[in-house]
Structure formats: structure tokens, C-alpha cells
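The primary structure of each chain is shown beneath.
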Amino acid sequence: MKSVTRSLRVLEAVAQHQPVTVGELTKLFGLPKSTVQRTLVTLNEAGWLRANRRDTTRWEIGARVLAVRPAALQGSSLFAAAREPMVRLRDALNETIHLCVPDALQCMVVVDRVDCDHPVRTFHAIGDTSPLHATATGHAVLAHLPKYEVDEFAAGTLEGYGEETITDPVELRAELRRVRDRGYAVNHNQYRPGVCAIAAAVLDGDGVPLAAVAVSLPDSRFDPDRLAELGRLVTDTAAEITARHLG
């Protein structure tokens, strides 16, 4: 049992400090380097951890952790509250609908999806992650966070994924103000080329963003003239999920 507890603590430490080296974990726990290394290798073999792609001496959370969280959420009141409104939104638009939750300020995680029947459509697997600064769901969540949290986030690296990605902190703050004013966020090729989305935040009773619901569609079907209509439908759906979750 002691080894299981140690493994869980190492897993939690990697999640908090990722990407992290063996040496950094050794100092954190005061354990022999060989013990930490064996624990990391075991967790890696089980799919819970992986080596960072850019620096293989550093460790980060693996895909299995990302898959477990959505599975756990499927039994939650948030998941239950969102499912029916998401289906109705899909039926109204015949576009793919996603529900995403923030993983602290690290990323957005897809926890549910309702597919459309178009032969050409967007696809994000359950458990997929995406950056907050380059997605509609991320902007919807960031727009409802306190200023100090947004400042903390914007102080980090805003990676560029294409010409449309917002990488300037000043520009990001301006975009978040626009999201707050109109009630929904728009992603037009900011993260993945040819993929667009409109999203709105699902809030708790204190106005804290718990999740974001989004309609996702290919750029070929993105019509700027319908943006206000799509935004209203998405914000209405997010408001209904909020009400059902709180009720």
C-alpha cells in the first residue's frame, strides 16, 4: 500500500508541476532518485504519465488520466444537466456540439459530444484537450474568471497555432472583454485550420465557469451573417444547462 500511495503522490505532483524532471521530484519528496525513476516508469507503462515530446527528461500527465476524468464526470449532475440541451441544440443546427471543462488553467477537456449527420464535420474525441487562449470554449471560460486569474494566465506563454491565434496578452484581454459583452466566444481557425466554433460558459451559483458548451463546424459552413443567431442559441443552451445544474 505504501508504494501505491507513493505512486499517487508522484502522479499528483507531476500534474501540478508538469513538465517536471526526476531531479525536481526527488527534491520535492526527499526520496532516492532511483525510487522516483521506478515510479515514473511504472506509471508511464500503465499510461498515466508520459515523457514530454520536446524534452524527454521531463514528465507530464498521460492520456489515461485525461480519459478517466470525462468518464467520472458522466455520472455528475453537470453531465446529466447538459445532455438534453446539447441534443436539442444539435437538432436545431445539425452541427456537432461539445461540452468542455477547464483543467485548472492548463487546458480545456472534452467531456461530452453530440454529433451531427453531415458527412463533413468536426470531431474531437472525449478526453481531447485544447488550449484556453486558442479556442472558443477556452475564451468563454477565461472571460468569466477574476482579473487576477486572467493576468496570471496571460503572463504565461501563448503558443501560436496559426495566423489567427491570439498570442498577445493585450489582444487576448480585449477579446475576453468582447466575449463578456456579447455573451459568447468565437473561434475562427484560431486552433485548427478549417475548424470554427461558438461557445458560451456554464456557470455555478457564484458565477464561476464550470464548463463551456460549443457548436463546432467546418469553416466551409461558417457564415458570419448567422453569428448572432448561433451565439444566441449557444448562450441560451448554456443558460439552460446552468439552470438545470443548479436546480
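Structure: see above.
The following refers to the structure shown. Model, not experiment: these values are computed from the prediction.

Analysis parameters
- Residues numbered from 1 in each chain as written.
- Predicted model: local features only at pLDDT ≥ 70, side-chain atom pairs only at ≥ 80, totals over all residues.
- Heavy atoms only, no water.
- Salt bridge = Lys/Arg side-chain N within 4 Å of Asp/Glu carboxyl O.
- Buried < 20%, exposed > 50% of the residue type's maximum accessible area, 1.4 Å probe, protein only.
- 1 Å grid on protein atoms, 1.4 Å probe; cavity = no way out; pocket = protein on both sides within 12 Å on 5 of 7 lines; lining within 4 Å.
- Points joined across faces, edges and corners; volume = space filled by probe spheres on them.
- Helix = DSSP H or I, 4+ residues; strand = E, 2+ residues; numbered from the N terminus.
- Domains from an automatic or database assignment.
- Polar contact = N/O pair within 3.5 Å; in protein donor to acceptor, adjacent residues only side chain to side chain.
- Contact = heavy atoms within 4.5 Å.
- Pairing = 2+ DSSP bridges.

1. A few points about the pattern of salt bridges
- Here the structure, examined in full by the defined rule, presents 16 salt bridges.
- Its salt-bridge partner being Asp91, residue Arg90 comes within 2.8 Å of it at the nearest N-O pair.
- A salt bridge links Arg113 to Asp115; the shortest N-O distance between them is 2.8 Å.
- On the basis of relative accessibility, which here comes to 25%, the residue Asp115 falls in the partly exposed class.
- If you follow the salt bridges from partner to partner, you end up with Glu84, Arg88, Glu240 and Arg244 in one network.

2. As for the layout of surface pockets
- Within this model, the largest pocket holds a volume of roughly 1,500 Å³.
- Taken together, 34 residues line the largest pocket, and the ones lying closest to its centre are Gln18, Glu60, Gln106, Cys107 and Thr129.
- Within the residue set of the lining of the largest pocket, elements represented by two or more residues are α1 (2-17), β3 (58-61), α4 (63-73), β5 (107-114), β6 (129-130) and α7 (147-154).
- Here the lining of the largest pocket spans two domains, and each of domain 1 (3-68) and domain 2 (71-246) adds at least three residues to it.

3. Details of the side chain of Asn52
- With respect to the element layout, Asn52 can be found in the loop between β2 (49-51) and β3.
- In terms of polar contacts, Asn52 uses its side chain to reach the side chain of Glu60, at 2.9 Å.
- Asn52 has contacts with Pro19, Arg58 and Glu60, leaving out every residue within four places of it along the chain.

4. Details of the pairing of strand β8 (residues 195-203)
- Burial of β8 is extensive: eight of the nine residues sit out of reach of the surface.
- Pairing geometry for strand β7 (residues 185-188) and β8, over four bridges, is antiparallel. Note on β8: the bridge partner recorded for His188 is Cys196.
- Here β8 pairs with strand β9 (residues 209-218) via nine bridges, running antiparallel. In the sheet register, Ala201 faces β9, and the bridge partner there is Ala212.
- Two successive antiparallel strands, β8 and β9, enclose a turn made up of five residues, where Gly207 displays a positive phi of approximately 85°.

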